[in-house]
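The chain contents come next:
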Amino acid sequence: MSTLVAAAASGVLMLMVSRAILGGAEGFLWPAANALTARWFPLSERGRAKSIWINGINIGLAVSGLLVNGVLAMGGWRAVFIVFSALALLVCVPAVFFGVRDDPADHPRISPEELAIIRGDTLDPGDSTLARELRTGAYWLAVIAWTANNFGVFGLATWFPTYLEKNENLSPGTASLYIALAFILCLIAGPLVGWASDKLNRKAVWLLAGFGIAVVFLALTWASKGIGVQLTGVIGAIVGIEGFTTIAGQAVLHSLTPNERIGRAVGIMSGTSNFIAAFSATIMGALIGVGGFSAAFTFLMVVFAVGALCGLLLHRARY
């Protein structure tokens, strides 16, 4: 609906309304996806399960830039929203309607033995209120780490194409190819992180690793003048964030919160982090105006260092 409203927009106000509708629609996706993951997978397999789900996002991010540029060239900006509306109606809605069940017990191909495995490998719910998680420091460390992750996703995804076009004099099409390369690498890294986090039964260490990788690669970008090193630096930072910390951040929360409260816990975490990280593009834009891209990347390095510290503390707490 939001993309159809945008396609029919006659002014800025209509575009803002479409964005508000989109935000409301996307707001429940993370809680719903995590609640479904908790119902359908035992705790020991959720890192891999979340990596597959998040890889759908990475595929979209890898393809969207090329798709948008192609549709823009052929039909203008309204055509982009029409194409996305068609994809949602023809692909996403049928996939959810015909393929998703709220409970694995309702699926005819789930055996009693498999259902027993799923339900036998969960956290003890303890008391029935979310206040249990909200009182723990580990939960809020996970929220801070997820906020740092969102700063990286929003900041890098928003400003990386601009950086390539303004600082490296690359065309929008070439910039989209580098974006695609970054997220293709995330498609490889994500399942490996999910598999390792399940096998080692350690989730937070991948937060530490991902944020550490992002800091190191952005430092290379900041220190180097060569285009090859700078491109490698920003691509490596994207892989550290989207390929490591996005998956690890979700996996940590599953180690903190039982099935009965996972939707609410993710809702609070996502709502808090999205609200704060929504200002990342504005902050980076202001920093670029004052000190160039080096200032913006330095800001992200500080944010990622905070995320790495949260990962370290959670790892020491054995999450």
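As the structure is a computational prediction, the values presented were derived from the model and not from experiment.

This part is about the nonpolar core. By size, the foremost hydrophobic cluster in this structure holds 62 residues, and its most contacted members are L156 and F304. Residue assignment for this core shows that the elements contributing at least two residues are α3 (29–40), α4 (46–75), α8 (137–167), α9 (172–200), α10 (204–223), α11 (227–256), α12 (262–277) and α13 (280–316). With sequence-adjacent residues up to four places away left out, L156 is seen in contact with F151, P161, L218, V234, A237, I238, I241, F297, L300 and F304.

As a further point, take the packing of aromatic side chains. According to the stated counting rule, one finds eight aromatic pairs in the structure shown. When the ring of W30 is compared with that of W146, the centres are 5.4 Å apart and the planes differ by 75 degrees; the resulting orientation is edge-to-face. Of this pair, W30 sits in helix α3 while W146 sits in helix α8, and the two are 116 residues apart along the sequence. Measuring from ring centre to ring centre gives 5.7 Å for F275 and F279, while their planes differ by 85 degrees; the resulting arrangement is edge-to-face.

So, about empty space enclosed by the protein. Applying the stated rule across the entire model yields two cavities of 30 Å³ or more. Reported here for the largest cavity is a volume of approximately 60 Å³. Lining the largest cavity we find G152, V153, L156, A157, F183, I238, I241 and E242. Counting residues per element, the ones that place at least two in the lining of the largest cavity are α8 and α11. Per-element accounting of the lining of the largest cavity gives the leading share, four residues, to α8.

Turning our attention to the environment of R202. Assignment of secondary structure puts R202 in the loop between α9 and α10. The residues contacting R202, other than those within four sequence positions of it, are S197, H315, R318 and Y319.

The rules behind the values
Residues numbered from 1 in each chain as written. Predicted model: local features only at pLDDT ≥ 70, side-chain atom pairs only at ≥ 80, totals over all residues. Heavy atoms only, no water. Core = buried A, V, L, I, M, F, W, Y, C linked by side-chain atoms within 4.5 Å. Buried < 20%, exposed > 50% of the residue type's maximum accessible area, 1.4 Å probe, protein only. Helix = DSSP H or I, 4+ residues; strand = E, 2+ residues; numbered from the N terminus. Contact = heavy atoms within 4.5 Å. Phe/Tyr/Trp six-rings, centres within 6.5 Å; stacked < 30°, edge-to-face > 60°. 1 Å grid on protein atoms, 1.4 Å probe; cavity = no way out; pocket = protein on both sides within 12 Å on 5 of 7 lines; lining within 4 Å. Points joined across faces, edges and corners; volume = space filled by probe spheres on them.

Don't take any of this as a statement about function, it's just geometry.
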